[in-house]
Amino acid sequence: MTPVAEIRRIWPEPSTGGLDDAGILAGYGRPARPALRVNFVTSLDGAVELAGYSAGLSPPADRRVLPLLRRLADAVVVAAGTLRAEGYGGLRLGEAGRAWRRENGLPEQPTLVVVSGSARFAPTDPIFADAPVRPVLLTRADAAVPAGLDEVADILRLGHGTVDLAAGLAALRSRGLAQLLCEGGPLLFGSLTAADLVDELCLTVSPLLAGPGAGRITAGPPAPPRGMALRQALAAPDGTLLLHYRRHRDG
């Protein structure tokens, strides 16, 4: 069995030792109002990937926290390119995650929300065929949605030319999906930032230098800077930092 990565809080109130899952969950929490939380991992020199995959950057502490963040979410939002590049299948929590959600009055599994301007998927793709909860596909109003896709996913057509992300998030929240966790990719993160829709950033800083070549965790056209406030900082013995930021407007 792989040992559980030790994680301790170093700010604002240092923990006396490693945190258990309950302590980590309490630190991140579920915001009191609808919120979009973005989760990314980066190298010390700002790379979003190693050898073409974000998983190459992900240290044990990051792999421990990711499923905990999913526990807290009503829906996990992912761009189509990231789903394909990272080999996502049906989004499923383990038994511990399902039990925690039951105990906290949540559905056993979060909903997967796929963001795709082209909607080029097949109904047999694992993200739909293996999903324990019917996914949502957020696409353009003018997208050519393949036949049969509406049988395995709820399709929201919003925006012409590009996906209307603000309308999409509003539509998700009207379905009761108030707490959203975005797992990328960089273009979706950049578009959400430009639309002023990002409320929180959970950033894992992996203790390595990736070197030149890789892109950043955000991409797309320039956008105004958005001020963020550090809410907590966690650390692992291998030098990994897990930083949790919230928009200044949220206190």
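In this text, all values refer to a predicted model and were calculated from it rather than measured experimentally. Positions within a chain are numbered from 1, following the residues in the order the chain's sequence is written. Whole-chain, interface and lining totals are the exception, using all residues; otherwise, since this is a predicted model, local features are given only for residues with pLDDT of at least 70 and side-chain atom pairs are given and counted only at 80 or more. Excluding hydrogens and water, the side-chain values take into account all heavy atoms of the structure.

Draft legend 1. Looking closely at the UniProt feature "domain: Bacterial bifunctional deaminase-reductase C-terminal" (unreviewed entry) in the protein. Mapped onto this numbering, the UniProt entry annotates "domain: Bacterial bifunctional deaminase-reductase C-terminal" (unreviewed entry) at residues 34-224. Secondary structure counts use DSSP, requiring at least four H or I residues in a row for a helix and at least two E residues in a row for a strand, with both numbered from the N terminus. For residues 34-224, helix accounts for 27% and strand for 20%, while the C-alpha atoms at its two ends are 23 Å apart. UniProt positions are given in the numbering used here, feature names are shortened, and annotations may be inferred rather than shown by experiment.

Draft legend 2. Quick look at the nonpolar core. Here the nonpolar core consists of buried residues drawn from Ala, Val, Leu, Ile, Met, Phe, Trp, Tyr and Cys, with membership extended through side-chain atoms lying within 4.5 Å. In this scheme, a residue with accessible area under 20% of its type's maximum is buried, one over 50% is exposed, and one in between is partly exposed, where area comes from a 1.4 Å probe on protein chains only. With 36 residues, the main nonpolar core has Tyr 28, Phe 121 and Ile 127 as its most contacted residues. Breaking this core down by element, the ones donating at least two residues are α1 (21-28), α2 (60-72), β3 (75-79), α3 (80-86), β4 (111-115) and α5 (126-129). Ranked by residue count, the leading element in this core is α2, at 5 residues. With sequence-adjacent residues up to four places away left out, Phe 121 is seen in contact with Ala 80, Leu 83, Arg 84, Val 114, Ser 116, Ile 127, Phe 128, Leu 137, Pro 146 and Leu 149. The next biggest cluster of nonpolar side chains, apart from the first, holds 31 residues, and it includes Leu 138, Leu 177, Leu 180 and Ala 233. Note on definitions: a residue-residue contact is assigned when non-hydrogen atoms from the two residues lie within 4.5 Å.

Draft legend 3. Focus on the packing of α1 against α2. Where α1 meets α2, the axes come as close as 10 Å, and the angle between the chain directions of the two elements is 60°. Judged by the angle between their axes, α1 and α2 are oblique. Crossing hand, α1 versus α2: right-handed. In this structure, α1 contributes Asp 21, Ile 24, Leu 25 and Tyr 28 to the contact, and α2 contributes Arg 64, Val 65, Leu 68, Leu 69, Arg 71 and Leu 72. Any residue that is not Ala, Val, Leu, Ile, Met, Phe, Trp, Tyr, Cys, Pro, Asp, Glu, Lys or Arg is counted as polar, Gly included; the first ten are nonpolar and the last four charged. The residue inventory of the contact of α1 with α2, partitioned by class, reads 7 nonpolar, no polar and 3 charged. Axis geometry follows a simple rule: fit a line to the C-alpha atoms, using only the stretch in contact for helices, then measure angles between N-to-C directions, giving values from 0 to 180 degrees. Working definition: roughly parallel below 35 degrees, roughly antiparallel above 145 degrees, roughly perpendicular at 65 to 115 degrees, and oblique for all remaining angles. Take the far helix as your reference; a near helix turned counterclockwise from it by less than a right angle gives a left-handed crossing, and one turned clockwise gives a right-handed crossing.

Draft legend 4. Examining the layout of surface pockets more closely. Whether a set of points on the 1 Å grid over the protein atoms alone is a cavity depends on a 1.4 Å probe fitting there but being unable to get out, while an open set qualifies as a pocket with protein on both sides within 12 Å along at least five of seven lines; lining residues are those with an atom within 4 Å of a point. Grid points are joined across faces, edges and corners, and a volume is the space filled by probe spheres set on the points. For the largest pocket, the calculated volume is near 580 Å³. Counting residues per element, the ones that place at least two in the lining of the largest pocket are β2 (35-43), α2 and α3. A class-by-class count of the residues in the lining of the largest pocket yields 10 nonpolar, 10 polar and 6 charged.

Draft legend 5. Structural detail: helix α6 (residues 165-174). Those residues of α6 that sit buried are Leu 165, Gly 168, Leu 169, Ala 171 and Leu 172. Relative to the axis of α6, the buried residues are bounded by an arc of 160° and lie together on one face. We define a polar contact as two N or O atoms separated by no more than 3.5 Å, with the added condition that, inside protein, one atom must be a possible hydrogen donor and the other a possible acceptor, whereas residues neighbouring each other in sequence contribute only through side-chain atom pairs. Where α6 begins, the capping side chain belongs to Asp 164, and its oxygen is found 3.3 Å from the backbone nitrogen of Ala 166. Trailing α6 by a residue or two, Gly 176 shows a phi angle of about 90°, which is positive. Working note: the arc is built from the helix axis to C-beta atom directions.

Draft legend 6. Layout of the side chain of Arg 71. The residue Arg 71 is located in helix α2 in this model. Not counting residues up to four positions away in its chain, the partners in contact with Arg 71 are Asp 21, Leu 25, Leu 93, Ala 96, Gly 97, Trp 100, Arg 101 and Leu 106.

Draft legend 7. How the structure looks around helix α4 (residues 95-103). Along α4, the residues classified as buried are Gly 97, Ala 99, Trp 100 and Arg 101. Elements that come into contact with the buried residues of α4 comprise α1 and α2. One or two steps after α4, the chain reaches Gly 105, where phi turns positive at roughly 70°.

Draft legend 8. Here's a closer look at the packing of α2 against α4. Direction vectors running N to C along α2 and α4 enclose 30°, while the axes themselves pass 10 Å from each other. Between α2 and α4, the angle is such that the two are roughly parallel. Where α2 crosses over α4, the two elements pack in a sense that is right-handed. In this structure, α2 contributes Arg 70, Arg 71 and Leu 72 to the contact, and α4 contributes Ala 96, Gly 97, Trp 100 and Arg 101. For the contact of α2 with α4, the class distribution of residues is 3 nonpolar, 1 polar and 3 charged.

Draft legend 9. Structural context of the pattern of salt bridges. Think of a salt bridge as a Lys or Arg side-chain nitrogen and an Asp or Glu carboxyl oxygen that are within 4 Å of each other. Going through the model one piece at a time under the given rule, you end up with 15 salt bridges. Here Glu 95 ties to Arg 98 by a salt bridge, and the two come within 2.7 Å at their closest N and O atoms. One end of the pair is Glu 95 and the other is Arg 98, both in helix α4 and 3 residues apart, which spans about a single turn. Between Glu 108 and Arg 98 there is a salt bridge; the shortest N-O distance is 3.8 Å.

Draft legend 10. Here's a closer look at unusual backbone geometry. With omega at 5°, the peptide bond leading from Trp 11 into Pro 12 counts as cis. When you line up the elements, Pro 12 lands in the loop between β1 (8-11) and α1. Of note, Ala 119 is a non-glycine position whose phi angle comes to about 60°, a positive value. For Ala 119, the position within the fold is in the loop between β4 and α5. The exposure class of Ala 119 is buried, given its relative accessible area of 0%. Non-glycine residue Asp 196 carries a positive phi angle of around 60°. By secondary structure assignment, the location of Asp 196 is in the loop between α7 (186-194) and β8 (200-206).

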